[in-house]
Amino acid sequence: MLDEDAENDRLDGCCMEVHPGQIVSFCAHRMYGYFELIVNDDRTFECDPHPDDATHFAHADEADSETMFNCIAELVEQGDPEAMGSAPLPAGVHLINIWHWSDEIAFRFEVEDGKPKFVRCAGAQ
């Protein structure tokens, strides 16, 4: 939340105006970091242990990680960073990034005693 004197022009596109009672959804996000993935010649693979709730996987050489996959098997089959997500990873050792994004979580914007806050709620009524 920004105060009235904040430099809104430098935050263009990442802020929105909300009003009391308005429902806004957010997603929880965790970046778990880098993990080693070994792709074998027969296309089987092994990966360092990683959190069970991981939802997104990308090759670490993908500079902006725009080519993400929902599971490691998809990354192995389509995640060659040289082919922008349209060719299998070559056999060998690869460094990958792993993240978690939740489903949307709804919050209602409220102001109590002049203090703004978000209160978790069931969603749009």
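Residues numbered from 1 in each chain as written. Predicted model: local features only at pLDDT ≥ 70, side-chain atom pairs only at ≥ 80, totals over all residues. Heavy atoms only, no water.

Looking only at helices and strands, the chain features one helix and five strands. Counting contacts in the chain only where the partners sit at least 6 residues apart, residues at least 24 apart contribute 57% of the total. As presented, the chain carries roughly 8,500 Å² of accessible surface, and 48% of it is formed by carbon and sulfur atoms. (Helix = DSSP H or I, 4+ residues; strand = E, 2+ residues; numbered from the N terminus. Contact = heavy atoms within 4.5 Å. Areas by Shrake-Rupley, 256 points an atom, 1.4 Å probe, with all protein chains shown as cover.)

Moving on, we get to unusual backbone geometry. At arginine 43, a residue that is not glycine, the phi angle is positive and equals roughly 75°. Residue placement: arginine 43 occurs in the loop between β1 (23-39) and β2 (45-47). Residue aspartate 113 is not a glycine yet carries a positive backbone phi of 55°. If you trace the backbone, aspartate 113 turns up in the loop between β4 (92-112) and β5 (115-120).

Turning to the nonpolar core, a few remarks are in order. Ranked by size, the top nonpolar core spans 12 residues in total: Phe35, Leu37, Val39, Ala54, Phe57, Phe69, Ile72, Leu75, Val76, Leu89, Ile96 and Ile98. Elements that contribute at least two residues to this core include exactly β1, α1 (72-78) and β4. (Core = buried A, V, L, I, M, F, W, Y, C linked by side-chain atoms within 4.5 Å. Buried < 20%, exposed > 50% of the residue type's maximum accessible area, 1.4 Å probe, protein only.)

This paragraph deals with the packing of aromatic side chains. Taken as a whole, this structure holds four aromatic pairs when the rule is applied. With a centroid separation of 6.1 Å and 25° between ring planes, the pair formed by tryptophan 99 and tryptophan 101 is classed as stacked. Exposure remark for tryptophan 99: the relative accessible area of 6% places this residue in the buried category. You can call tryptophan 101 partly exposed: its relative accessible area is 30%. Aromatic pair phenylalanine 109 and phenylalanine 118: ring centres 5.3 Å apart, planes at 55°, arrangement tilted. Residue classification places phenylalanine 109 among the buried residues on the basis of a relative accessible area of 8%. By relative accessible area, phenylalanine 118 is classed as partly exposed at 30%. Grouping aromatic residues by their ring pairs yields a cluster made of Phe26, Phe107, Phe109 and Phe118. (Phe/Tyr/Trp six-rings, centres within 6.5 Å; stacked < 30°, edge-to-face > 60°.)

A word on the side chain of histidine 100. Along the chain, histidine 100 turns up in strand β4. A distance of 2.7 Å separates a polar atom in the side chain of histidine 100 from the backbone oxygen of aspartate 53. Ignoring sequence-local partners within four residues, the contact set of histidine 100 consists of Ala28, His29, Arg30, Tyr32, Asp53 and Thr55. (Polar contact = N/O pair within 3.5 Å; in protein donor to acceptor, adjacent residues only side chain to side chain.)

The two faces of strand β3 (residues 56-59) match: His56 and Ala58 on one face and Phe57 and His59 on the other face are all buried. In this structure, β3 lies alongside β4, joined through four bridges in antiparallel fashion. Across the sheet, the residue bridging to histidine 59 is isoleucine 96, located in β4. (Pairing = 2+ DSSP bridges.)

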